[in-house]
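Residue-level listing of the chains:
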Amino acid sequence: MSDTDVAEQPSDMLYSSASRRTFFKRAAATAIAGGALVACSDSDAQKKLAGKADASGGTTAPNPAPLSTAASAEAMDRMHEAGIKAFPAKTEGKGNQLMQPVMDKGVKVYDITAEAVKWETEPGKKVEAWAYNGQVPGPQIRVREGDKVRLVLHNRLTESTAIHFHGLELPNNMDGVPFITQPPVKPGESFTYEFTAPIGNHGSHMYHSHHNAAKQVGLGLLGAFIVEPRRPSASERADIDYVMILNDGMHGYTLNGKGFPATEPIVAKMGQKVRVRFMNEGMMIHPMHLHGMHMTVIAKDGWMQPAPWKCDTLNVAPGERWDVIVDCNNPGTWAFHCHILPHAESDHGMFGMVTALIVA
Ligand SMILES: [Cu+2]
C-alpha cells in the first residue's frame, strides 16, 4: 500500500460520498448561521461560479467555497464527536469467538471451513471476506500443551489454500506450506492436520493461510491459536484474557476484524489485571499505545521474557505476538490505539485501529 493509499483511506473507509456531501452542506449551513463568509444559497453560489468560468470549462473560483475558521472547526468537531458517541457501534458478525472442540478418543477435533462471506467492518460497510467458519478473525482455538489436536480444513473457496500454525514447532509435514510440506488443499477438498501441542511451546500463537497469503490473510483467513501452559507462571495470572488481532489488508485497519467505532472496548473493574495478547496478522507495524496506565510485557511470540518490562507504546510487527499485563488502577475510559496516526485518526474523526480500555 502506498503512502497515497494510506492518506486516502480514512475518508474512503469511514464515510460514503453521501456523508461527505452532508459534511459540506452542514458546514455551509453552519457558516450561514454564524454570519460568516458564505452568505448565499446553493443556486446563488452556482451562478457566481458560472460567472467565473474560464475558457477550459473549469472555474477560477475557490472550490469548495471557503468557510470561516470557526465554522469549519465546528463542522470537523461534530464529525469527531459523532464517531466517539457511536462507539462501540453495533455491526453484524463477531470474530475471534472461542471454539469448543469435539472430543474423539482424547483428541480435540476442530472442523474449520474456509469460505467467502460478507463481513461488516463498520456500520454499513460490508466487504468480501474469506473467513474460517464465517468469522473474521477465525474462531479462537485454545488448547493446553501436550493436548492431542486434530484440525480438519475444508476448502470452500475458489482458490487452493492451506493452514500454517504460526509459532508452533510441529513435525515438518504439519507446517502447512504448499509445495514445501504438503500439496495445496484444492477447492472442494479437505486436509487433516494432527499433532500434539508441543510441551514448552505454550503461549500466543496463530493459524493462517500460507498460500497466496497476502490476499488470503488480508481477506480474513487467520485466527488465534493459544496454547495454555500446564503450570502458568505468577507473572501471567490475569482476571481478563483478551486477544487483540491487528490487520491492515483489504478490510482496512482493523482490531479483531472491525474498525472504530465498531471495535470492542475492553471492560475491567478497578484492581483487575488484564492480559492483552497482541497478534499482528497484517503487513505493517503497529505501535499500540495505551493511555492512563502502563503495560507490563511478559511474553514475545509466546516465549516468556527473562524479566517483565514496562512500556506504554509497544510496537507489534507483522507476525509478532506480544503479551502484556495491565494493572487496572486508574479509573476512566482510556483510548487504546495504534500510534501510526493515519491508522487511527483523520480529519473525519477516529477510525480503524482504535478502541478503549474502560476501568469501571
Ligand atoms: Cu498501525
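Here, every reference points to the structure presented above.
A quick note: this is a predicted structure, and the numbers were derived from the prediction, not measured.

**Section: the nonpolar core**
Here is step 1 of the chain: Ranked by internal contacts, the top residues of the largest apolar core, which has 67 residues, are Ala224, Phe225, Leu246, Phe278, Val326 and Leu357.
Here is step 2 of the chain: If you tally residues by element for this core, the top one is strand β9 (residues 222-228), at five residues.
Here is step 3 of the chain: Both domains that meet at this core, namely domain 2 (102-228) and domain 3 (234-359), each give it at least three residues.
Here is step 4 of the chain: Those residues in contact with Ala224 that lie beyond four places of it in its chain are Asn96, Pro137, Gln140, Ile141, Met206, Val243, Ile245 and Met279.

**As for the sheet that holds strand β22 (residues 354-359)**
The strands making up a sheet associate through hydrogen bonds between their backbones, and the pairing can be parallel or antiparallel.
Here is step 1 of the chain: Strand order in this open sheet of five strands is β12-β22-β19-β14-β17, and the pairing throughout is mixed. Each having just a single partner strand, β12 (266-268) and β17 (313-316) make up the two edges of the open sheet. For this sheet, the mean inter-axis angle between neighbouring strands, taken without regard to orientation, is 20°.
Here is step 2 of the chain: When strand β14 (residues 286-290) meets strand β19 (residues 332-338), the two strands line up antiparallel, connected through three bridges.

**Points about helix α4 (residues 69-86)**
Here is step 1 of the chain: For α4, built from 18 residues, the straight-helix expectation of 26 Å at 1.5 Å per residue is met to within 8% by its first-to-last C-alpha distance of 26 Å.
Here is step 2 of the chain: Three or more residues of α4 are buried, namely Ala71, Ala75, Met79 and Gly83. Axial view of α4: buried residues confined to an arc of 115°, hence all on one face. α4 presents Thr69, Ala70, Ala73, Asp77, Glu81 and Lys85 as exposed residues on the side facing more than 90 degrees away from its buried surface.

**Observations regarding the sheet that holds strand β15 (residues 295-300)**
Here is step 1 of the chain: On the basis of which strands lie adjacent, the open sheet formed by six strands has the order β11-β10-β13-β18-β15-β16 and mixed pairing. Either end of the sheet is taken by a strand with one partner, and the two such strands are β11 (254-255) and β16 (303-311).
Here is step 2 of the chain: Relative to β16, β15 runs antiparallel, the two sharing five bridges. Within β16, the position partnered with Ala299 by the bridge is Met304.

**Description of the pairing of strand β6 (residues 163-166)**
Here is step 1 of the chain: Burial of β6 is two-sided: the residues Ile163 and Phe165 facing one way and the residues His164 and His166 facing the other way are all buried.
Here is step 2 of the chain: Here β6 runs beside strand β8 (residues 203-209); their pairing, made up of four bridges, is antiparallel. Of the residues in β8, the one forming a bridge with Phe165 is Tyr207.

**With respect to the pairing of strand β10 (residues 240-247)**
Sheet faces and side chains relate simply in a regular strand, where the side chains alternate between the two faces.
Here is step 1 of the chain: Pairing geometry for β10 and strand β13 (residues 273-280), over seven bridges, is parallel. Looking at the pairing, Ile240 lines up with Val274 of β13.
Here is step 2 of the chain: In this structure, β10 lies alongside β11, joined through two bridges in antiparallel fashion. When the sheet's bridge partners are listed, Leu246 is paired in β11 with Leu255.

About the criteria used
Residues numbered from 1 in each chain as written. Predicted model: local features only at pLDDT ≥ 70, side-chain atom pairs only at ≥ 80, totals over all residues. Core = buried A, V, L, I, M, F, W, Y, C linked by C-beta atoms within 7 Å. Buried ≥ 20, exposed ≤ 12 C-beta atoms within 10 Å, placed from the backbone. Helix = DSSP H or I, 4+ residues; strand = E, 2+ residues; numbered from the N terminus. Domains from an automatic or database assignment. Contact = placed C-beta atoms within 7 Å. Pairing = 2+ DSSP bridges. Axes fitted to C-alpha atoms, helices over the stretch in contact; angles between N-to-C directions. Expected span 1.5 Å × (residues − 1). Arc of directions from axis to C-beta.

Note that every value here comes from positions in space, so none of it alone points to a role or purpose.
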